[in-house]
Structure formats: structure tokens, C-alpha cells
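A structural walkthrough
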Amino acid sequence: MQVAFVVCLFILALQVIYISFFLFAFLMKRKEPQRQPHAVSVVVCVHDEESNLRQLVPLLLQQDHPHFEVIIVEDRCNDGTFDYLLEETKKDSRLKMVRVVQKPDHIQGKKFGLTLGIKAAQYDWVLLTDADCRPSGNDWIKGMSKNFTEESQIVLGFSSYEHRPGLLNSFIRFETLLTALQYIGFALWSKPYMGVGRNLAYRKSLFLDNKGFNNYLGVTGGDDDLFVNQHANATNTQVVVGKEALVYSKPKDTWKEFYYQKLRHLAVGKYYRFSTKVMLSWFSLSW
């Protein structure tokens with residue numbers, strides 16, 4: 001009993017240390033950079049997402065930002081995505097479509113599509129999101145771009161899940177918040193290790209100079225967290241927190257869908273840097 005009690009105290013102490021570490025990171029006063037807005041290329045890779053695009057595209061084009069473009073990568077869609085985008089690109093010159101007709105066998109589909117979209121970007125800063133995401137308002141691009149400084153190359157944002165009734169939705173939102181406390185908290189302490197592709201920005205030049213996703217082209221997933229894990233450091237990474245820079249995503253509707261989503265996410269973790277694995281393993285083990 002005494003051994004069990006000591007073990008319980010030890011793991012409780014670890015959790016207190018970690019949670020305090022994260023909370024202090026958010027409580028620290030940070031200087032908000034005052035910069036002129038940078039031009040931004042918003043890139044979204046889609047596959048059979050016509051219904052989502054009909055909601056997302058107008059929200060993106062309504063953004064209150066002086067210089068931006070929206071690039072939708074149509075990745076071998078079987079629905080009406082191509083026809084919809086073809087008509088919409090005629091109405092607004094800021095909206096562009098990149099079409100994937102066929103991809104190389106050794107490259108995972110989304111990575112190939114994103115690579116084409118980023119290469120087609122007119123501006124150096126690329127802001128990523130997904131078709132099933134919705135900006136919290138018209139200041140999303142402005143909110144994310146306020147930390148596009150001369151020194152920064154990566155900017156991490158937060159994407160919450162929509163509130164819906166039920167235990168599954170509550171658990172998804174809790175798990176997402178817990179993950180955000182970790183990756184944003186560590187980044188605020190100058191130890192960035194991942195980001196989420198639903199709300200993530202980085203420089204096109206950083207992507208091209210490091211040959212994009214070349215080191216893990218065949219891995220399912222990792223187009224966001226592995227890229228950040230490989231290239232983020234204490235000096236080139238910024239974090240944006242706040243309502244204006246928030247993106248909401250559609251949650252999974254069944255436990256099975258959520259289970260397989262988490263399996264994909266966790267499978268990528270084995271490719272993280274060793275130091276990242278150590279930081280996360282102690283937190284997860286004590287949790």
C-alpha cells in the first residue's frame with residue numbers, strides 16, 4: 001500500500017508540474033507584434049467536398065484582409081467540386097483552382113495535392129485549413145497574419161471542434177483542448193513540436209527549401225505535425241491564440257470514426273524527434 005501511495009503521489013506531482021507548465025505559458029504577457037499585414041495564400045486540399053466548399057469558399061472570400069488569395073486543390077474529386085470551382089473562379093480573381101488528375105503511386109494523396117497548391121501560391125506566406133473547417137469570423141486571416149514577422153517562418157493556430165450534444169462530442173472537444181494545451185504550451189515555452197493543418201501557416205520558401213514532405217511522402221498523415229516537428233524551433237515559430245484566429249471544425253459523428261482518426265494521428269508520433277517523444281511520453285504515462 002505504501003508503494004502504491006508513493007507511486008500515486010509521484011504521477012500526481014508530474015501532472016501538476018505539466019499542467020502548471022502549460023498554464024503559466026498561457027498566462028505570460030507577450031508583446032503583440034505590430035506589423036503591416038502580409039500578403040497570404042490560403043491553401044485548401046479537397047477530395048469530394050462540394051457541400052463543404054459551398055459553405056467555406058464564401059467565408060474565405062469575405063475575409064477582412066488587404067492582400068490574399070484562396071487556392072483550392074481539387075484532388076481527383078468524383079462529385080461536383082470541379083464544376084463548382086470552375087464557376088466560382090470566374091466570379092472572383094482571388095479564388096484559384098489547382099487540379100490533381102493523377103498522382104504518383106509513392107506519394108500520399110493529400111501531401112501531393114498540398115505540394116501542388118503551395119507551389120502555385122503567389123505569396124510567400126501560406127495559410128492552411130481544411131474544407132470542413134469554418135473561420136470564427138472575417139478576421140481569421142488578419143488574426144493569423146499578425147505574427148508573420150521577419151524572423152518567423154511557422155505560425156501555429158488552434159482549431160476547436162463544433163459543439164454538439166452527446167458524450168462523443170464532449171470527449172472530442174476535451175481531447176482536442178488537451179492536445180492544444182500541450183503543443184501550444186510547449187511552443188510558448190520555445191519548444192514547438194507540432195501543429196494542426198486545420199489552422200497552420202508557414203512560409204512557402206521554408207517548404208520549398210526543405211523539399212516539402214520529401215522525408216515522409218508515403219506516410220498517411222503528418223503533412224502538418226511532422227512538417228512542424230522537423231522544422232520548428234525556438235526562434236522561427238510563433239503562436240496565435242484568441243477568438244479572431246480561431247477555426248472551428250466538424251467533429252466525427254461516431255466513436256468508430258473518431259477511433260480510426262486517432263489511430264492515424266498516433267501512428268505519426270513515432271516519427272517525432274526523440275526529445276519530443278520524451279516530453280510527451282512522461283505526460284501521457286502520468287495521465
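See the structure above.
Residues numbered from 1 in each chain as written. Predicted model: local features only at pLDDT ≥ 70, side-chain atom pairs only at ≥ 80, totals over all residues. Heavy atoms only, no water.

Re the overall build of the chain
Scanning the chain from terminus to terminus reveals ten helices and ten strands. By the compact-globule yardstick of 19 Å for 287 residues, the chain fits well, its C-alpha radius of gyration being 19 Å. Principal-axis analysis of the C-alpha atoms gives the chain an extent of 70 × 45 × 40 Å. When the 287 residues of the chain are sorted by exposure, 49% land in the buried category. Here the contacts in the chain between residues at least 6 apart in sequence split such that 83% fall between residues at least 24 apart. (Helix = DSSP H or I, 4+ residues; strand = E, 2+ residues; numbered from the N terminus. Rg over C-alpha atoms; globule rule 2.2 N^0.38 Å. Buried < 20%, exposed > 50% of the residue type's maximum accessible area, 1.4 Å probe, protein only. Contact = heavy atoms within 4.5 Å.)

Observations concerning helix α2 (residues 50-61)
End to end, α2 covers 16 Å across twelve residues, agreeing with the expected 16 Å (1.5 Å per residue, within 8%). Along α2, the residues classified as buried are Asn-52, Leu-53, Leu-56, Val-57, Leu-60 and Leu-61. Down the axis of α2, the sector holding all buried residues measures 130°, keeping them to one side. Residues of α2 that are buried make contact with β1 (40-46), β2 (68-75), α3 (81-91), β3 (95-100), β5 (133-135) and α5 (140-145). (Expected span 1.5 Å × (residues − 1). Arc of directions from axis to C-beta.)

Digging into the packing of helix α6 (residues 167-188) against helix α9 (residues 255-268)
At a minimum axis separation of 11 Å, α6 and α9 run at an interaxial angle of 20°. Classified by the angle their axes make, α6 and α9 are roughly parallel. Classified by chirality, the crossing of α9 by α6 is left-handed. Contacts between α6 and α9 involve Leu-167, Leu-168, Phe-171, Ile-172 and Glu-175 from the former and Trp-255, Phe-258 and Lys-262 from the latter. (Axes fitted to C-alpha atoms, helices over the stretch in contact; angles between N-to-C directions. Parallel < 35°, antiparallel > 145°, perpendicular 65-115°, else oblique. Left-handed = near helix turned anticlockwise from the far one by under 90°.)

Let's talk about the sheet that holds β5
Reading across the sheet, the three strands line up as β5-β10-β7 and stay open at both edges, with mixed pairing between neighbours. Lying at the two open borders of the sheet, with one neighbouring strand each, are β5 and β7 (159-161). Strand-to-strand, the axes of this sheet are offset by a mean angle of 30°, without reference to chain direction. Here β5 runs beside strand β10 (residues 247-249); their pairing, made up of three bridges, is antiparallel. Bridge pairing links Pro-135 to Val-247 in β10. (Pairing = 2+ DSSP bridges.)

As for unusual backbone geometry
Its identity as a non-glycine residue notwithstanding, Arg-76 has a phi of 50°, on the positive side. Residue position: Arg-76 is located in the loop between β2 and α3. For Arg-76, a relative accessible area of 30% translates into the label partly exposed. Residue Ser-190 is not a glycine yet carries a positive backbone phi of 65°.

Considerations on the pattern of salt bridges
Here the structure, examined in full by the defined rule, presents 16 salt bridges. The partner of Arg-99 in a salt bridge is Glu-74, with the nearest N and O atoms 3.3 Å apart. One end of the pair, Arg-99, is in strand β3; the other, Glu-74, is in strand β2, with 25 residues separating them in the sequence. The exposure class of Arg-99 is partly exposed, given its relative accessible area of 44%. (Salt bridge = Lys/Arg side-chain N within 4 Å of Asp/Glu carboxyl O.)

Brief notes about the sheet that holds β1
Here we have seven strands laid out as an open sheet, ordered β3-β2-β1-β4-β8-β6-β9, and mixed in their pairing. Edge positions in the sheet fall to β3 and β9 (237-239), since each of these pairs with one other strand and no more. Each strand axis lies, on average, 20° off the axis of its neighbour in the sheet, ignoring direction. Each of β1, β2 and β3 is contacted by α2, which is oriented at about 160° to β2, the strand it contacts most.

Considerations on the packing of aromatic side chains
What the rule picks out here adds up to 23 aromatic pairs. Ring centres of Phe-22 and Phe-186 lie 5.4 Å apart, and the angle between their planes is 80°; on these two criteria the pair is classed as edge-to-face. In this pair, Phe-22 is assigned in helix α1 (residues 2-27) and Phe-186 in helix α6, connecting sequence segments 164 residues apart. Each member of the pair Phe-22 and Phe-186 is classed as buried. Here the aromatic rings of Phe-22 and Phe-283 are separated by 5.7 Å at their centres, their planes lie at 70°, and the arrangement is edge-to-face. Here Phe-283 lies in helix α10 (residues 274-286) and Phe-22 lies in helix α1, a separation of 261 residues in the sequence. Here Phe-22 matches Phe-283 in class, with each residue buried. The cationic tip of Arg-99 hangs over the ring face of Phe-82; the distance from NZ or CZ to the ring centre is 3.9 Å. (Phe/Tyr/Trp six-rings, centres within 6.5 Å; stacked < 30°, edge-to-face > 60°. Lys NZ or Arg CZ within 6 Å of the ring centre and 35° of its normal.)

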